[in-house]
Amino acid sequence: MNSGTVLLIVALATVDGAVAGHGARLLLARLRRGARVPPPWCEVAVALVWGLGTAVVLRGGADVRWLPLVLGLGWLLVACGAVDVAHRRLPDALTLPAVPAVLLLLVPLGFGAVLRAAGGAALLLGAHALVHLVSPRALGAGDVKLAAPVGAVLAAVSWPAVLLGMVLAALISATLALVLLRRGRREVPHGPSMLVASWAVVALAAGSFGAG
């Protein structure tokens, strides 16, 4: 795929991302436990994530089977992140359907990827549930539910990617905690860190698979 074609696809993905971001903003406003996000935050955020994700996946060679997963995860990142940052919670209407959606997006990658994703979802869900039971204030119930789709997408890449994603998420949350503590805020939403870390790992891995 030549550079001109890649640039065209990235541009189209960016425009489509703005449309998808608009849809996310409207959806969040209508959910019972959603959030009202002023324009154009969702539109700009999804456009940037989709454009960047498409560029990363298509670099070198292109295994476009990963692209729907990267775009879907990017949309979830913006939608869930907006609610978690604004209200310190994650809506079930987004986190619960995310697992079957991820498994469906993984079907083109084969049975092995789907099977690993199901195992990864169960693994991270159980691990986060245990932490929540031991220390509910350290990890919210919404984060536990979000762990399932996050585990699914990371395990679809590989089992080491699950560990990498969790370590990266912890580092992002720790960095945010230091910044927010200096501003007098003690609560740090962990959901956005989980989503940013998993999106980065999956997008970079997908690009590497394409380049191979």
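Refer to the structure printed above.
Computed from a predicted model, the values in this text were never measured in an experiment.

Reading the values: rules and limits
Residues numbered from 1 in each chain as written. Predicted model: local features only at pLDDT ≥ 70, side-chain atom pairs only at ≥ 80, totals over all residues. Heavy atoms only, no water. Helix = DSSP H or I, 4+ residues; strand = E, 2+ residues; numbered from the N terminus. Rg over C-alpha atoms; globule rule 2.2 N^0.38 Å. Buried < 20%, exposed > 50% of the residue type's maximum accessible area, 1.4 Å probe, protein only. Contact = heavy atoms within 4.5 Å. Areas by Shrake-Rupley, 256 points an atom, 1.4 Å probe, with all protein chains shown as cover. Lys, Arg positive; Asp, Glu negative; His and termini not counted. Charge placed at Lys NZ, Arg CZ, Asp CG, Glu CD. Axes fitted to C-alpha atoms, helices over the stretch in contact; angles between N-to-C directions. Parallel < 35°, antiparallel > 145°, perpendicular 65-115°, else oblique. Left-handed = near helix turned anticlockwise from the far one by under 90°.

It is worth spelling out the overall build of the protein at this point. Check the secondary structure of the protein and you find 8 helices and 0 strands. Taken from N to C terminus, the helices and strands of the protein fall in the order α-α-α-α-α-α-α-α. A compact globule built from 212 residues would reach a C-alpha radius of gyration of about 17 Å, and the protein, at 17 Å, matches this within 12%. Projected onto the principal axes, the alpha-carbon positions of the protein cover approximately 50 × 40 × 35 Å. Considering the protein as a whole, with its 212 residues, one finds that 45% of them fall into the buried category. For the protein, long-range pairs separated by at least 24 residues make up 71% of all intrachain contacts whose partners lie at least 6 apart in sequence. A total accessible area of about 10,600 Å² is found for the protein, and carbon and sulfur atoms account for 71% of it. Of the side chains in the protein, 16 bear a positive and 7 a negative charge, and the two mean positions are spaced by 6 Å.

The angle between the axes and the distance between the axes are what describe a pair of packed helices. Where helix 4 (residues 92–106) contacts helix 6 (residues 141–157), the two axes come as close as 8 Å, and the packing angle between them is 20°. Relative to helix 6, helix 4 is oriented roughly parallel. At the point where helix 4 passes helix 6, the crossing takes the left-handed sense. The segment helix 4 lies against helix 6, with Asp92, Thr95, Leu96, Ala98, Val99, Val102 and Leu106 engaging Lys145, Leu146, Ala148, Pro149, Ala152, Val153 and Ala156.

Attention now moves to the environment of Trp159. Here Trp159 shows up in helix 7 (residues 159–182). Along the backbone, Trp159 and Gly120 are 39 residues apart, and their C-alpha atoms lie at a distance of 7.9 Å. In contact with Trp159, not counting residues within four places along its chain, are Arg116, Gly119, Gly120 and Leu123.

Here the focus is unusual backbone geometry. Here the amide bond leading from Pro39 into Pro40 is cis, since omega sits at 5°, within 30 degrees of zero. By the element assignment, Pro40 lies in the loop between helix 1 (3–30) and helix 2 (41–58). A positive phi angle, near 60°, is found at Arg88, a position not held by glycine. Structurally, Arg88 can be placed in the loop between helix 3 (67–87) and helix 4.

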